[in-house]
Amino acid sequence: MSEHIITFNAGSSSIKFALFSIGADGLLRRAAAGQVDGLGAGAHLKAKAADGRVLHDAELPEGDRVGHGDALAAILALMQAEFPQLRFAAIGHRVVHGAARLSASTVIDDAVLASLRTLVPLAPLHLPNNIVGIEATRRAFPGVAQVACFDTAFHRGGGFLSEAYALPRDYFEAGIRRYGFHGLSYEYVAGRLAELAPREAAGRVIVAHLGNGASMCALRGGRSIDTTMGFSALDGLPMGTRCGAIDPGVLLHLLETHGYDAARLSDLLYKESGLKGLSGISHDMRELEASQDPHASEAIAYFCACIRREAGALAASLGGIDALVFTGGIGENSARVRAAVLGGLDWLGIEFDPDAQPEGRGDRVISAPGSPASAWVIATDEEAVIAHHALRLVRAGVQGATTASIAARHTKASLP
Ligand code: ADP
């Protein structure tokens, strides 16, 4: 009987999952994937087998009352019904924040869970959902190893210069640092590029992860040396509904002069800004591309200008560029955004002809043959990274070592 790994990626109103079987050769193969959307407002479970067969596509019973725990139970029940031989080697969780302490994927024990709870103030919108998911699967499968994979971990190791803000040093010690996010996606893209273009992957690469959340990362030799997101997932590029980089003086002004409080500011910055705020139409790139409204094209132009500006900054961090990779829903699918970005980056040595794009989909080079620096589209696969880490950790049996190394690290808890 083959063993399986299931991965969960819990967002504020959705849970994505993927089921992998572990072959006799030790390799992971995707068996099924899907998601529950609309948690809190008519939860809907969609799931497909790897061969494309629809396993489920319907609202869950009492859909309005389905929470994260119920959604996980529904996913697990469906997988157990569809794969009667199911036996889990591990359950992997995407966790948005590990801060400085949790700097690598880890098997989750009581100490790790306690650490995660202390990090909730760093990611109050996302981390509680991750924790609910972990608690639910621990209860349901007490004997199965649970593994946490952090979106921040890939960016650790840059040290003070890359992680500090220019605040008094005590703030750095208290955890006010540039953490960076989308690390699981960058890790996948770095590995995939190494297969497709080993010479470039060993050099200087910029990856643009452009989805509802969006950030960019500078990789040297496959390792992150700079990224556009910082302490929170608000910084850097404008996103579907998030503002991206903003002068902190604007926030002070809104607080002091316009009577804003933290909750109002949070709604503005996380939910009302970005493409949605700029266009006044939608956060969704497909809708903006389909719209004739000039505010829609202005929002897209603004988004692309920010990507070009960040590409210039990251190229400066790298001292040049050998390849640029687009990924995420927009990066993988929007030829218009890619053309607008690359049309302004020829000075970096990327030769690009929007009218001579190779046919078809999938991972591919999109720069001209012989271009000094190449441009790529790579479809990201965060679930594969989570499953890979989960398998690696349970095979290595490193639970004790990981917990000890977490306990050995110390972050001062309070601000001056
Ligand atoms: P998330 O960050 O939620 O995982 P995704 O990576 O799925 O988001 O990206 C969602 C974004 O990708 C949306 O703005 C969506 O409109 C955009 N997108 C998806 N398909 C296309 C397409 N064919 N053309 C343009 N944009 C697309």
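Just so it is clear, the model here is predicted, and its values are computed rather than measured.

Asks: Explain the overall build of the chain here, please?
Replies: For the chain, the count of helices and strands is 16 helices and 14 strands. For 416 residues, the compact-globule estimate of 2.2 N^0.38 gives 22 Å, and the C-alpha radius of gyration of the chain, at 21 Å, lies within 12% of that figure. With respect to the three principal axes, the spread of C-alpha positions in the chain is 55 × 55 × 45 Å. Taking all 416 residues of the chain together, 50% fall into the buried category. For the chain, contacts bridging at least 24 residues in sequence account for 63% of all contacts bridging at least 6. As displayed, the chain offers around 18,600 Å² of accessible surface, 53% of which is attributable to carbon and sulfur atoms. For the chain, the distance from the average site of its 37 positive side-chain charges to the average site of its 44 negative ones is 5 Å.

Asks: What should I look at first to understand the site of the ligand in this one?
Replies: Near the ligand, the surroundings consist of 13 residues, among which Asn212, Asp284, Met285, Arg286 and Gly329 are the closest. Take Asn333: an N or O atom from its side chain is 3.4 Å from a nitrogen atom of the ligand. At 4 residues, helix H13 (residues 328–333) tops the list of elements feeding residues into the shell around the ligand. Across the shell around the ligand, the residue classes tally to 2 nonpolar, 7 polar and 4 charged.

Asks: Just to check I follow, could you spell out helix H12 (residues 294–318) for this structure?
Replies: An ideal rise of 1.5 Å per residue puts 36 Å on 25 residues; H12 measures up with 36 Å between its terminal C-alpha atoms. For H12, the set of buried residues is Ala296, Ala299, Ile300, Phe303, Cys304, Cys306, Ile307, Glu310, Ala311, Leu314, Ala315 and Leu318. Taken from the residues just after H12, Gly319 is the one with a positive phi, measuring 75°.

Asks: Explain helix H15 (residues 382–396) here, please?
Replies: One turn of an α-helix holds 3.6 residues; hence residues three or four places apart share an orientation. Given a rise of 1.5 Å per residue, 15 residues ought to cover 21 Å, and the 21 Å separating the end C-alpha atoms of H15 matches this to within 8%. Just downstream of H15 lies Gly397, where phi reads positive at about 60°.

Asks: So what exactly am I meant to see when it comes to the sheet that holds strand S8 (residues 145–150) here?
Replies: The 8 strands are arranged S5-S4-S3-S2-S1-S6-S8-S7 in an open sheet whose pairing can be described as mixed. A strand with exactly one partner marks an edge of an open sheet, and here the two such strands are strand S5 (54–59) and strand S7 (106–107). Pairing between S7 and S8: 2 bridges, direction antiparallel. Across the sheet, residue Thr106 finds its bridge partner in S8, namely Ala148.

Asks: Just checking my understanding: could you explain the confidence of the model for the chain for this structure?
Replies: Regions with low pLDDT should not have their predicted coordinates read in detail. Residues with a pLDDT of 70 or more make up 94% of the chain, whose mean pLDDT is 92. Below pLDDT 50 for its whole length, residues 399–413 participates in 21 contacts with residues either more than four positions away or in separate chains.

Asks: Explain the environment of Val112 here, please?
Replies: Within the element layout of this structure, Val112 appears in helix H2 (residues 110–118). Each C-alpha atom of the pair Val112 and Cys306 lies 37 Å from the other, and the pair is 194 residues apart in sequence.

Asks: For this particular structure, what's the right way to read the packing of H2 against helix H3 (residues 127–140)?
Replies: For any two helices packed against each other, the geometry comes down to the angle between their axes and how far apart the axes lie. Contact pair H2 / H3: the axes reach a minimum separation of 10 Å and the direction vectors enclose 155°. Taken together, H2 and H3 sit at an angle that is classed as roughly antiparallel. Seen from above, H2 lies across H3 with left-handed handedness. Across the interface between the two elements, Asp110, Leu113, Leu116 and Arg117 of H2 pack against Leu127, Ile131, Ile134, Glu135 and Arg138 of H3. A breakdown of the residues in the contact of H2 with H3 according to their chemical character gives 5 nonpolar, no polar and 4 charged.

Asks: Even after reading the chapter, I still don't get the sheet that holds strand S13 (residues 364–365), so can you show me in this structure?
Replies: Sheet strands line up and pair through hydrogen bonds in the backbone, either parallel or antiparallel. Strand order in the open sheet formed by 6 strands is S11-S10-S9-S12-S14-S13, and the pairing between neighbours is mixed. Unpaired on one side and paired on the other, strand S11 (223–227) and S13 mark the two borders of the sheet.

Calculation criteria
Residues numbered from 1 in each chain as written. Predicted model: local features only at pLDDT ≥ 70, side-chain atom pairs only at ≥ 80, totals over all residues. Heavy atoms only, no water. Helix = DSSP H or I, 4+ residues; strand = E, 2+ residues; numbered from the N terminus. Rg over C-alpha atoms; globule rule 2.2 N^0.38 Å. Buried < 20%, exposed > 50% of the residue type's maximum accessible area, 1.4 Å probe, protein only. Contact = heavy atoms within 4.5 Å. Areas by Shrake-Rupley, 256 points an atom, 1.4 Å probe, with all protein chains shown as cover. Lys, Arg positive; Asp, Glu negative; His and termini not counted. Charge placed at Lys NZ, Arg CZ, Asp CG, Glu CD. Near = heavy atom within 4 Å. Polar contact = N/O pair within 3.5 Å; in protein donor to acceptor, adjacent residues only side chain to side chain. Nonpolar A, V, L, I, M, F, W, Y, C, P; charged D, E, K, R; others polar. Expected span 1.5 Å × (residues − 1). Pairing = 2+ DSSP bridges. pLDDT = per-residue confidence, 0-100. Axes fitted to C-alpha atoms, helices over the stretch in contact; angles between N-to-C directions. Parallel < 35°, antiparallel > 145°, perpendicular 65-115°, else oblique. Left-handed = near helix turned anticlockwise from the far one by under 90°.

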